Amino acid sequence: MTPELAKQFVDILKQHPKLIWNERLGGGFQGNLRTPEGRIPANGIPGEDWETCMTMNDTWGYKKNDHSWKSLETIVRNLIDIASKGGNYLLNVGPTEEGRIPGPSVERLAEVGKWLKVNGEAIYGTTPAPFKTQPSWGRITRKGDTLYLHVFNWPHDGKLILAISNTSSQARLLAAPNARLSTASTAQGLEIKLPSQAPDRVASVIALSLRGPIQEILPPGIPQAADGSLQLKAAIAEIIGDRLTLEPGNEPNIGYWSTTNDYVEWAVAITRPGIFEATITYACNDRDAGSEFALAVGGQTVKGTVGSTGAWINYRTVTLGKLSLGKGSRLPVTLKTTRKGTGNVMNLRSITLTPTTR
């Protein structure tokens, strides 16, 4: 689709200001709705309306031999993750050749409906919570002065910590609305005391009413290891942008690096300053090699060019240069693309800063 061809449609669309249309028209036109397919942006797409479109198995439409159905847990947690980042969930349903919705789809949608009957207030009409990072135990949505804590990983000790300095006027489980939960302020944040067992194995929701504007307690920076080094892994990076994605695995990597607008960042705690050698571990195939990047920390920058490692699954560690770093409790370490090659930039596994004497 060329810009000239697309403009013929755009001229008509602009005559109907209440229409919703998206970037799939092509020709460089973005429309008023973004539609990431099959993935959930790490931080949503701030300032824009967006929806993630996904299949219930591996196929759009209907394919009789596709039995790879997503679990109820995956579908519900996708819904929660998307809502917590300000998006909509467009979930595909493909009728059979007889016009019937397949049984596995019906079963899963019915179960999602049961979950929403109990927890719908934590999804519908909510907005993203204003936190810098996602909690390790789940996700958060917001409605007015109420935060909805969607707990995926129920704490073994019965204590859930939310990193805020606020106090709470009320805390309740949506699955047990008559039961009130006690809260206490601690140095780490607001502690909520929970029952020993989660009421819902997929996602249990706590409605937390707060007093005053949210005051987030930022966690300390990543500490130096015993030898003074800092290993900044992809799994603990903050992803800024709507395309970069943390890809799972034994050693997760950040992939789908397709634009210079997206970047990654870590906050580190330097208690033993000095000179550090910076290395990067990444993978890139032959065709996409050639992008340029810059690693910035403490007002200093080292640069590099992405070379081929032979394939997207072949990782290589490359030395970038030396950095002289002073003390800091939350010193930002930022990796940005300065010039993109013909395709994706790289699959990033880690950055390492190692003390050196020269």
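Everything below is about the structure shown above.
All figures in this text were calculated on a predicted structure; none of them were measured in a lab.

What to know about the sheet that holds strand β6 (residues 159-162)
The three strands lie next to each other as β6-β10-β9, forming an open sheet whose pairing is antiparallel. The strands lining the two open edges of the sheet, one partner per strand, are β6 and β9 (183-185). For this sheet, the mean inter-axis angle between neighbouring strands, taken without regard to orientation, is 25°. Here β9 runs beside strand β10 (residues 190-193); their pairing, made up of three bridges, is antiparallel.

Details of the nonpolar core
V264, W266, I280, L335, M346, L348 and I351 are the most contacted members of the largest nonpolar core, which totals 35 residues. Of all elements in the fold, only β13 (230-233), β17 (263-270), β18 (274-283), β19 (292-297), β21 (316-325), β22 (328-339) and β23 (347-356) reach the threshold of two or more residues within this core. Counting residues in each nonpolar core, the second largest holds 25 residues, with I80, I82, A83 and A122 among its members.

Quick word on the sheet that holds strand β4 (residues 138-143)
The six strands are arranged β3-β4-β5-β11-β7-β8 in an open sheet whose pairing can be described as antiparallel. Because the sheet does not close on itself, it has two edges, and the strands there are β3 (127-128) and β8 (176-180). As judged from the two bridges shared by β3 and β4, these two strands associate in the antiparallel manner. Residue pairing in the sheet places P128 in a bridge with T141 of β4. Sitting on the sheet, helix α2 (residues 72-84) touches β3, β4 and β5 (146-151), and the angle it makes with β4 is about 50°.

Analysis parameters
Residues numbered from 1 in each chain as written. Predicted model: local features only at pLDDT ≥ 70, side-chain atom pairs only at ≥ 80, totals over all residues. Heavy atoms only, no water. Pairing = 2+ DSSP bridges. Helix = DSSP H or I, 4+ residues; strand = E, 2+ residues; numbered from the N terminus. Axes fitted to C-alpha atoms, helices over the stretch in contact; angles between N-to-C directions. Core = buried A, V, L, I, M, F, W, Y, C linked by side-chain atoms within 4.5 Å. Buried < 20%, exposed > 50% of the residue type's maximum accessible area, 1.4 Å probe, protein only. Contact = heavy atoms within 4.5 Å.

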